[in-house]
Amino acid sequence: MRSSTNFTPRLPQSLLFIGAPGSGKTTFALQLPKVGLIDCDDNLGGPVRYLRAQNKSPNFKYDTPLRDASDKPISRELQFTQVCKILDEMIADPEVETIVIDSLSSLIEILFTHTLHIQKKPISPDIKAADKKFEYEDWAAFGNILRKLIFGLKSCGKRFIITAHVKVDQDELTKVLYRFINCPGAVKDYISGWFEEAWEFYIFTQGTPPNEKAIRKIRTVPDARSVNLGLKTSAGLPSTLDADATFILNALSK
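Since this is a predicted model, take the numbers as computed values, not measurements.

Enquirer: Residue-level account of the side chain of threonine 64, with values.
Expert: Position of threonine 64 relative to the elements: it lies in the loop between strand E3 (60-63) and helix H3 (79-92). On the basis of relative accessibility, which here comes to 10%, the residue threonine 64 falls in the buried class. A polar side-chain atom of threonine 64 sits 3.1 Å from the main-chain carbonyl oxygen of aspartate 39. A polar atom in the side chain of threonine 64 sits 3.1 Å from the backbone nitrogen of leucine 66. Residue contacts for threonine 64: discarding those within four places in its chain leaves Asp39, Gln82 and Ile86.

Here is the structure:
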């Protein structure tokens, strides 16, 4: 058994970045130390172009579960196997310090297919036809695999990040719009609890054309409409701050 007298708080090792597409989640993640990114979205061009336009040249490693080394498509039922293979490589790579999965939404789609595959349910190769609808045992298997994946990464000894999109639902009585993590079933209600840090990224414009400027922000404490996101900061960051990777890394190091 370990004694509290020997406990030294460490930098956060598990982070959930939540926000709408284009809010800066991936852009921020690419500026962290020694990134290895799994590009499930197949949408890495925008963040890299933005950083280069800002005279920042992120140095990172990446791979995608959607295509093999010859750039040929990987069949849907084998894409999660490819995710696991890439993760094993990044965990073993001494040049990778921060593992990023981009994004939860696309990972879920890959997991849906994998779940049907291991449950020996039919997967339609026809894009005009829907796959078999999930049944109770499928949801249980899906949740189990996602949980094992995240907790396996928590114990791998490296920092890891998952980016997640938001969806907006309206309360039927009050008509107030609330933001939720875009994740099916009950998982969306507790997935933030699996991470040390859960931040919401958002962007707004300031000024008028042609002097309009995009302002990128991070929220670590929920407001009235983001209360369902499970935002938190174990590192004691301010409730709202600029999405400045250098500043936040310095703050986390104190």
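Enquirer: Run through the environment of phenylalanine 80, naming residues and quoting values.
Expert: Residue position: phenylalanine 80 is located in helix H3. Judged by its relative accessible area of 6%, phenylalanine 80 is buried. Note: C-alpha distance between phenylalanine 80 and histidine 114 (34 residues apart in sequence) is 6.3 Å. With residues up to four places along the chain from it excluded, the contact list for phenylalanine 80 reads Ile110, Leu111, His114, Ile145 and Leu149.

Enquirer: Can you explain the layout of surface pockets? Please cite residues and give values.
Expert: Its volume calculated, the largest pocket comes out at about 320 Å³. Elements with a minimum of two residues in the lining of the largest pocket: helix H1 (25-29), helix H2 (45-53) and strand E9 (213-219). The biggest single contributor to the lining of the largest pocket is E9, with four residues. Per-class residue counts for the lining of the largest pocket are eight nonpolar, five polar and five charged. There is about 260 Å³ of room inside the second largest pocket. In terms of lining residues, the second largest pocket is bounded by 16 residues, among which Pro21, Gly22, Thr26, Asn43 and Pro47 are the most central. Secondary-structure elements contributing two or more residues to the lining of the second largest pocket are H1 and H2. The greatest single-element share of the lining of the second largest pocket, amounting to three residues, is contributed by H1. Residue composition of the lining of the second largest pocket, by class: two nonpolar, ten polar and four charged.

Enquirer: Which residues make up unusual backbone geometry, and what values go with them?
Expert: Of note, the bond from aspartate 102 into serine 103 is cis; its omega dihedral lies within 30 degrees of zero at 10 degrees. Secondary-structure assignment places serine 103 in the loop between strand E4 (98-102) and helix H4 (104-118). Residue proline 210 follows proline 209 across a cis peptide bond; omega there is 5 degrees. Positive phi, normally seen in glycine, also occurs at lysine 34, with a value near 50 degrees. Counting through the fold element by element, lysine 34 comes out in the loop between H1 and strand E2 (35-39).

Enquirer: Can you explain the packing of aromatic side chains? Please cite residues and give values.
Expert: If you walk through the whole model with that rule in mind, you get 16 aromatic pairs. Between phenylalanine 112 and phenylalanine 142, the ring centres sit 5.2 Å apart and the planes meet at 40 degrees, which makes this aromatic pair tilted. Here phenylalanine 142 lies in helix H5 (residues 136-154) and phenylalanine 112 lies in helix H4, a separation of 30 residues in the sequence. Judged on exposure class, the residue phenylalanine 112 and its partner phenylalanine 142 are both buried. Between phenylalanine 134 and tryptophan 139, the aromatic rings sit 4.9 Å apart at their centres with planes inclined by 70 degrees, giving edge-to-face as the arrangement. Counting every residue linked through ring pairs, the aromatic cluster contains Phe17, Phe28, Trp199 and Phe201. Directly above the ring of tyrosine 50 sits arginine 216, whose terminal nitrogen or CZ lies 4.0 Å from the centroid. Across the ring face of tyrosine 202, the terminal group of arginine 219 is positioned such that the distance to the ring centre comes to 4.3 Å.

Enquirer: Lay out the side chain of threonine 220 with the relevant residues and their values.
Expert: As for its position among the elements, threonine 220 is in the loop between E9 and strand E10 (232-233). Every residue in contact with threonine 220, bar those within four places of it in the chain, is listed here: Ala198, Trp199, Leu231, Lys232, Thr233, Leu237, Pro238, Ser239 and Leu241.

Enquirer: Hey, could you go over the packing of H3 against H4 for me, with residue numbers and the actual values?
Expert: The N-to-C vectors of H3 and H4 enclose an angle of 120 degrees; their axes lie 8 Å apart at closest approach. If you check the angle between H3 and H4, you find them oblique. In contact with Gln79, Phe80 and Val83 of H3, H4 contributes Leu107, Ile110, Leu111 and His114. Along the lines of polarity and charge, the residues of the contact of H3 with H4 split into five nonpolar, two polar and no charged.

Rules used in this analysis
- Residues numbered from 1 in each chain as written.
- Predicted model: local features only at pLDDT ≥ 70, side-chain atom pairs only at ≥ 80, totals over all residues.
- Heavy atoms only, no water.
- Helix = DSSP H or I, 4+ residues; strand = E, 2+ residues; numbered from the N terminus.
- Buried < 20%, exposed > 50% of the residue type's maximum accessible area, 1.4 Å probe, protein only.
- Polar contact = N/O pair within 3.5 Å; in protein donor to acceptor, adjacent residues only side chain to side chain.
- Contact = heavy atoms within 4.5 Å.
- 1 Å grid on protein atoms, 1.4 Å probe; cavity = no way out; pocket = protein on both sides within 12 Å on 5 of 7 lines; lining within 4 Å.
- Points joined across faces, edges and corners; volume = space filled by probe spheres on them.
- Nonpolar A, V, L, I, M, F, W, Y, C, P; charged D, E, K, R; others polar.
- Phe/Tyr/Trp six-rings, centres within 6.5 Å; stacked < 30°, edge-to-face > 60°.
- Lys NZ or Arg CZ within 6 Å of the ring centre and 35° of its normal.
- Axes fitted to C-alpha atoms, helices over the stretch in contact; angles between N-to-C directions.
- Parallel < 35°, antiparallel > 145°, perpendicular 65-115°, else oblique.

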